[in-house]
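# A structural walkthrough
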Amino acid sequence: MTEQPSVPTGTAHPARSDGAARPIRDDRTAPPMAAAGTPLRPAADAPLRIAVVGAGPKALYALEELTALLNAARSATATADDAGAAASESSAASGLTVTVIDPVTVPGTGAAYHPGQPHHLRLNVTAAILDEPVTGDFPAYPSWVQGPYPQLADEPYPPRAVVGEYLAQRWQQMIHGLSRHARVEHARARVTDLRREGSAWHLTTDTAPADVGPVDEVLIATGHAAGHRGALVHHWSSPLPLVPAVLPAERMLSAEQVPPGSRVAVRGGALTFIDACLTLTEGRGGTFTESTEVDASGGTEAAVPARLVHHRGPHEPTVIRPITRQGLLLDAKPNPGTPLTEAGERAVEQARARFTSGQGMGPDAVLAIVVNAATAMLEGTSAPKKHASTSGRDARDTVAGSRAAVEHTLSTGAEPDLPRGPGRAEAALRRSIETAQGHRSPGPAWALGRVWQTLYSQISAGLRGSDAPEEEWARFRQAAQVLERFAFGPPLVNARKLLAMIDSGAVDLSWMDGEVGIDGAGIHEAPVADSSDATATARHDDATATGRHDDAPSGGDVDVVIDAVLTPPGLLNLTDELAGSLLHRGLVQVRPGRRGAMIDEDGSPVGRDDAPLVAPDGRTVAGLALIGRPTEDHVIGHDSLNRHLHHEGRCWARRIAERITGADDAAPAVTATPAVAASPAVPADGSAPAIPAEGSAPAAPAPAVAPE
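The residue numbering used here restarts from 1 in each chain and proceeds along that chain's sequence as written. Since the coordinates come from a predicted model, pLDDT governs what is reported: local features require at least 70, and pairs of side-chain atoms require 80 or more to be given and counted, while whole-chain, interface and lining totals use all residues. Side-chain descriptors were evaluated using all non-hydrogen atoms of the structure, hydrogens and water having been removed beforehand.

## Regarding the environment of Asn 573
Which entries qualify depends on this criterion: Numbering of helices and strands runs from the N terminus, with a helix taken as a DSSP run of H or I at least four residues long and a strand as a DSSP run of E at least two residues long. Accessibility here uses a 1.4 Å probe with only protein chains present; expressed as a share of the type maximum, an area under 20% marks a residue as buried, one over 50% as exposed, and anything in between as partly exposed.
Examined against the element boundaries, Asn 573 turns out to sit in the loop between strand S15 (560–563) and helix H17 (577–584). Residue classification places Asn 573 among the exposed residues on the basis of a relative accessible area of 53%. C-alpha separation for the pair Asn 573 and Arg 595, spaced 22 residues apart in sequence, amounts to 8.8 Å.

## Comments concerning the pairing of strand S1 (residues 49–53)
Note the following rule: DSSP bridges decide pairing: two strands pair if at least two such bridges lie between them.
Of all five residues making up S1, four are buried, and the element is well covered by its neighbours. Both S1 and strand S2 (residues 96–101) contribute to a ladder of five bridges, which runs parallel. If you follow Val 52 over to S2, its bridge partner there is Val 100. Across four bridges, S1 lies against strand S7 (residues 217–220) in parallel orientation. Bridge pairing links Ala 51 to Val 218 in S7.

## A short note on helix H1 (residues 57–77)
Along an α-helix, residues three or four positions apart point the same way, because every turn accommodates 3.6 residues. In plain terms, the rule: Expected helix span is given by 1.5 Å per residue-to-residue step, counting one fewer step than there are residues.
Its 21 residues give H1 an end-to-end C-alpha distance of 31 Å, which sits within 8% of 30 Å, the value for a rise of 1.5 Å per residue. Within H1, 16 of the 21 residues are buried, which leaves it mostly tucked inside the rest of the structure.

## Observations concerning the sheet that holds strand S16 (residues 624–626)
We count it as follows: Note on definitions: angles span 0 to 180 degrees between N-to-C directions of axes, and those axes are lines fitted to C-alpha atoms, for helices only across the stretch in contact. Should any heavy atoms of two residues lie within 4.5 Å, those residues are considered in contact.
Judged by pairing direction, the sheet is parallel, and its five strands sit side by side in the order S3-S2-S1-S7-S16 without closing on themselves. Every other strand in the sheet has two partners, leaving strand S3 (182–187) and S16 as the edge strands with one partner each. Taking each pair of neighbouring strands and ignoring which way they run, the sheet shows an average axis angle of 15°. Pairing analysis gives six bridges linking S2 to S3, with the strands arranged parallel. Directly across from Val 100, in S3, lies its bridge partner His 186. In the packing of helix H18 (residues 648–661) onto the sheet, the strands contacted are S1, S2, S7 and S16, and the crossing angle to S7 comes to about 165°.

Structure below.
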């Protein structure tokens with residue numbers, strides 16, 4: 001795994017005409033803290049009041065950083081004799097109050113890691129990225145899990161519920177430490193509005209008492225917003241029953257919502273779709289076993305790619321049919337420990353060296369690096385292995401390792417030799433599994449995915465705050481959607497389960513192949529192909545003379561529809577009232593073509609000139625910070641459990657600690673984030689936010705959950 005990319009030193013610069021990102025201060029070394037002899041006190045001898053909106057992993061990491069800094073400041077002033085007394089009096093002496101506002105019942109977990117969810121829902125990246133907190137008073141996940149779940153000690157992709165237990169205990173430990181310095185409260189409520197009154201902030205919530213405030217500092221770390229305007233629930237006029245979301249799975253996908261034997265249509269084909277499939281099969285008594293069948297030539301299954309067999313449970317739906325815009329599923333992710341080839345390592349190292357200019361770069365330049373590295377990786381790939389394809393439709397003896405193949409794959413989302421028509425989506429999934437298992441030589445999709453994974457931390461740092469023109473950013477966003485499908489797909493075990501469901505008939509991809517669509521009015525068959533359009537004709541070579549597919553949807557094909565598309569990151573097009581408040585009051589600014597708020601290195605809102613943002617009332621927006629998904633595109637890749645991928649939470653904690661102590665002098669190092677070296681690759685995600693060449697020896701924690 002690679003360490004965090006090198007971040008250029010320096011203050012913010014004016015907008016660059018080349019669209020490159022601006023350099024930011026390097027915070028990977030310890031932030032300056034109180035010098036020896038500096039008392040722990042509010043800067044202006046007045047209590048400091050902090051509100052933290054959100055109680056998920058991002059808030060956890062930021063508050064752990066703050067706790068570590070306050071501990072260090074105390075250590076600089078306390079002697080061995082008075083340390084105990086100082087600890088007990090710290091909160092009263094500092095006057096610090098921290099109010100966390102979130103309706104969640106288990107703080108620290110967020111929606112994705114709630115401990116009560118079923119255990120068949122797995123983490124999408126290796127749990128090794130969950131390192132110990134900066135306070136050093138709680139173990140890293142790999143050590144912790146050996147206590148309550150020793151059977152999972154060697155499981156790279158544990159249940160998300162178990163990870164949630166770990167995060168929840170870590171939150172409690174953080175609260176215990178922070179309470180030595182502050183009065184800490186948790187308000188179980190949802191914030192709907194944020195406003196300024198004088199020099200203080202007031203937050204409106206949906207529960208009594210509705211007003212929280214006045215407070216001096218507000219940190220918004222809300223993670224996934226509650227909803228978005230594109231959700232089917234806001235437009236649904238079809239008579240078909242609609243399940244508006246997948247999570248929480250035990251409630252949304254219950255037998256009452258999705259009856260046994262029903263025919264299910266699912267909008268979306270990414271990670272949440274896989275969660276839905278596992279919940280409706282494995283979660284209802286279905287099982288998976290390794291196949292021991294003999295193939296048609298008389299050989300054993302060991303001679304061909306290993307596969308799982310899905311044994312249907314008695315309460316499963318009859319069929320699950322996904323509907324996607326791209327017509328393809330996510331590619332399987334290689335197992336942890338799978339090394340890159342020598343050519344692959346060399347290509348990645350050469351690409352990594354191009355991110356060391358210190359001045360950032362534009363999106364087009366980043367994509368050029370990715371294409372060059374993927375091309376070099378393929379050109380160094382050995383000749384493909386011959387194998388008996390389990391589909392019989394996509395066998396090939398050579399890999400197109402040329403730049404043209406890589407560019408075609410990036411622009412279209414599919415490899416040049418992927419067959420059109422029926423079976424296309426299955427063939428793409430099957431070949432990605434065979435490649436991940438080592439039964440098929442890598443193709444352009446695999447190379448692009450591995451490059452995107454291994455360079456993700458450098459890409460995130462290099463594009464931070466990019467002022468590229470809107471059309472250039474649009475090209476990047478389109479390419480990133482393709483690359484994330486190649487890089488941040490399901491673990492191999494879940495990809496194999498999905499393929500087993502396809503083989504058993506539990507999952508039917510024909511509507512994806514037939515380009516069936518879905519909107520608020522319901523499910524629609526693909527449009528009739530124009531006979532003069534050769535591409536369309538090839539795409540619909542199983543259609544009748546009228547262009548209608550034999551398996552196109554009709555009124556009796558579906559019993560229930562599930563919307564498995566998550567709320568997008570950023571602040572635009574959300575139904576979330578707080579996001580609307582921030583935009584309406586002019587407390588944040590979003591660059592054209594982006595989705596999230598523009599912020600400086602500690603999360604404070606800025607304007608187009610990188611200066612502190614001035615609100616419509618003429619006052620500078622001070623005491624407000626945003627981290628995580630609300631800033632997506634200004635900072636990319638927030639769906640991550642890796643606290644080292646982004647630095648805003650750490651810089652916010654440093655600013656708050658300096659305000660509490662009244663100190664801005666340099667002091668001994670506090671955080672123990674290792675310096676960056678251009679070395680082995682790091683898992684990069686998820687969700688949204690992944691795992692890099694998941695086999696390199698870990699040098700530092702990796703990014704986490706792949707974006708949906």
